[in-house]
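A look at the structure
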Amino acid sequence: MNWKTKLKAKGLSNFEVKVLLATARIPKGETRTYSQIARAIRKPKSSRAVGNALAKNPFAPQIPCHRVIKSNGDIGNYSANGGRKTKMMLLKKEGALRNG
DNA sequence: CAACACAAAGTAG
DNA sequence: CTACTTTGTGTTG
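First, a word on what this report is: a plain description of the structure on this page. What you are looking at is a predicted structure, and each value in this text was computed from that prediction instead of being measured.

What about the protein's contact with DNA strand C?
- Every residue close to DNA strand C is listed here: Ser13, Phe15, Glu16, Lys43, Lys45, Ser46, Ser47, Arg48, Ala49, Asn52 and Lys56.
- Note that a phosphate oxygen of DNA strand C is positioned 3.3 Å from one of the side-chain N or O atoms of Lys43.
- In this structure, Ser46 approaches DNA strand C through a side-chain N or O atom, which is 2.9 Å from a sugar or linking oxygen.
- Mapped onto the surface near DNA strand C, the elements with two or more residues apiece are helix 2 (14-24) and helix 4 (47-56).
- For the surface near DNA strand C, the residue count by class is two nonpolar, four polar and five charged.

Thoughts on the environment of His66
- Take His66: it is sitting in the loop between helix 4 and strand 2 (68-69).
- Linking His66 and Leu90, residues 24 residues apart in sequence, is a C-alpha distance of 7.2 Å.
- Setting aside its immediate chain neighbours within four residues, His66 contacts Tyr78, Lys87, Leu90, Leu91 and Glu94.

Rules of the game
Residues numbered from 1 in each chain as written. Chains lettered and ligands numbered in written order. Predicted model: local features only at pLDDT ≥ 70, side-chain atom pairs only at ≥ 80, totals over all residues. Heavy atoms only, no water. Near = heavy atom within 4 Å. Polar contact = N/O pair within 3.5 Å; in protein donor to acceptor, adjacent residues only side chain to side chain. Helix = DSSP H or I, 4+ residues; strand = E, 2+ residues; numbered from the N terminus. Nonpolar A, V, L, I, M, F, W, Y, C, P; charged D, E, K, R; others polar. Contact = heavy atoms within 4.5 Å.

Here's what the structure looks like:
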């Protein structure tokens, strides 16, 4: 997928593009923390800005922004339809979230 | 300056 | 561990 072009076509900034690119690299059934994404793009202190980029994610269900959680194991938030609920649902369906 | 989908460190019990 | 406070970061208004 040429996200880099699609994202930029959306008017996203270089930072947000990198974040989404790193997020699109997350394998199914696994999860990453905002901090890890921040590290992946060489901005380990921008864990907060990382969330902002995911919030702007124009390809919500396509880019696994739902596979991104907080470092303390918490789900975090979700801008797409459903919110946190859908986030958990997707993680459960993929097996990333083991409630039991 | 203010607001946000966070993280790390310090203080207190 | 749990709860609260402070500082850092990047985009947008």
